[in-house]
Amino acid sequence: MRVRVEQTSLPGIGVRHDLITESGRRIGVVSHRSGRRDLVLYDEDDPDACTSDIPLTDDEAEALADLLGASLMLGQLSGLRQQAAGLLTEQVPIPAGSRFVGRTLGDTRARTRTSASIVAVLRDREVIASPAPSFRFDAGDVVVVVGTRQGLDGVTAIFADTDPAD
């Protein structure tokens, strides 16, 4: 079954993505330019009326995405870059000599240490979107990172074993 998702630009605010369920219910996510996210539930009888607006922290949004098995689309990252000044994406290879080969994403503490997020891992010809903290790295993996220039450089240093915080 194909899922219907509608994207609406909200000038001065950000972007709203609405999912219309098979039963006709509408659920939305508002991604504010500030980085804030809100989960929005619409009235069953009036799909234009919001019944609940639930603000989500980064950790809550990530946990909800993990629970739902949601994945970020690499193609949408270019749109994010245009919406948020200073937000960049970069592909960071994991060298064979990295101490994180065979270790988990959670072991890196990359987001906590750099404020940058690893949104996908490229392995051979496979894209692993939204890897869980338990995901294990292999030599040659390429991580797709979203963040500021400083955050991206920090993630690169972590995998290259040149991070002074270690």
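Residues numbered from 1 in each chain as written. Predicted model: local features only at pLDDT ≥ 70, side-chain atom pairs only at ≥ 80, totals over all residues. Heavy atoms only, no water.

## Examining the sheet that holds strand β5 (residues 50-56)
Stage number 1. Across the sheet, 5 strands lie side by side as β1-β2-β3-β4-β5; this open sheet has antiparallel pairing. The sheet is open, and its two edges are formed by β1 (4-10) and β5, each paired on a single side. Recorded for the sheet is a direction-independent mean angle of 20° between the axes of neighbouring strands.
Stage number 2. Here strand β4 (residues 37-42) pairs with β5 via 6 bridges, running antiparallel. (Pairing = 2+ DSSP bridges. Helix = DSSP H or I, 4+ residues; strand = E, 2+ residues; numbered from the N terminus. Axes fitted to C-alpha atoms, helices over the stretch in contact; angles between N-to-C directions.)

## Looking at the confidence of the model for the chain
Stage number 1. When pLDDT is averaged across the chain, the result is 82; 83% of the residues are at 70 or more.
Stage number 2. Mean pLDDT per element in the chain: helix α2 (residues 77-83) is the minimum at 51, and helix α3 (residues 105-108) is the maximum at 94.
Stage number 3. Considering only residues more than four positions removed or in separate chains, one finds that residues 70-77, a stretch of pLDDT under 50, has 15 contacts. (pLDDT = per-residue confidence, 0-100. Contact = heavy atoms within 4.5 Å.)

## Description of the environment of R25
Stage number 1. Structurally, R25 can be placed in the loop between β2 (14-20) and β3 (26-32).
Stage number 2. R25 gets classed as partly exposed once you look at its relative accessible area, which sits at 31%.
Stage number 3. Distance from R25 to E44, taken between C-alpha atoms, is 6.2 Å for residues 19 residues apart in sequence.
Stage number 4. Sequence-distant contacts of R25, that is, excluding residues within four places in its chain, are made with L19, I20, Y42 and E44.
Stage number 5. Polar side-chain contacts of R25 include one of 3.1 Å to the backbone oxygen of Y42. (Buried < 20%, exposed > 50% of the residue type's maximum accessible area, 1.4 Å probe, protein only. Polar contact = N/O pair within 3.5 Å; in protein donor to acceptor, adjacent residues only side chain to side chain.)

## Details of the sheet that holds strand β7 (residues 117-123)
Stage number 1. The sheet built from 4 strands is open, its strands ordered β6-β9-β7-β8 with antiparallel pairing. The open sheet has two edge strands with one neighbour each: β6 (88-93) and β8 (126-129). Here the average twist between neighbouring strands, direction ignored, is 25°.
Stage number 2. Pairing geometry for β7 and strand β9 (residues 142-147), over 5 bridges, is antiparallel. In the sheet register, S117 faces β9, and the bridge partner there is V146.
Stage number 3. Set on the sheet, helix α5 (residues 149-159) makes contact with β6, β7 and β9; between it and β6 the angle comes to about 10°.

## Here we look at the packing of aromatic side chains
When we look at a pair of aromatic rings, we describe it by the centre distance and by the angle of the planes.
Stage number 1. By the definition in use, this model includes 3 aromatic pairs.
Stage number 2. Relative to F137, the ring of F135 lies with its centre 5.5 Å away and its plane at 80°, an arrangement referred to as edge-to-face. Comparing F135 with F137, the two get one shared label, buried.
Stage number 3. Between the aromatic rings of F137 and F159, the centroid separation amounts to 5.2 Å while the plane-to-plane angle is 75°, which identifies the pairing as edge-to-face. You can see F137 sitting in the loop between β8 and β9 and its partner F159 sitting in helix α5, a full 22 residues away along the chain.
Stage number 4. Among the residues examined, F159 registers a relative accessible area of 0% and is labelled buried.
Stage number 5. An aromatic cluster is built from F100, F135, F137 and F159, whose rings are joined through pairwise contacts. (Phe/Tyr/Trp six-rings, centres within 6.5 Å; stacked < 30°, edge-to-face > 60°.)

## Section: the side chain of R26
Stage number 1. In this structure, R26 sits in strand β3.
Stage number 2. Polar contacts involving the side chain of R26 include one to the side chain of D18, which spans 3.2 Å.
Stage number 3. If we ignore the near neighbours within four places in the chain, the residues touching R26 are R4, E6, D18, L19, I20, V40, L41, Y42 and P47.

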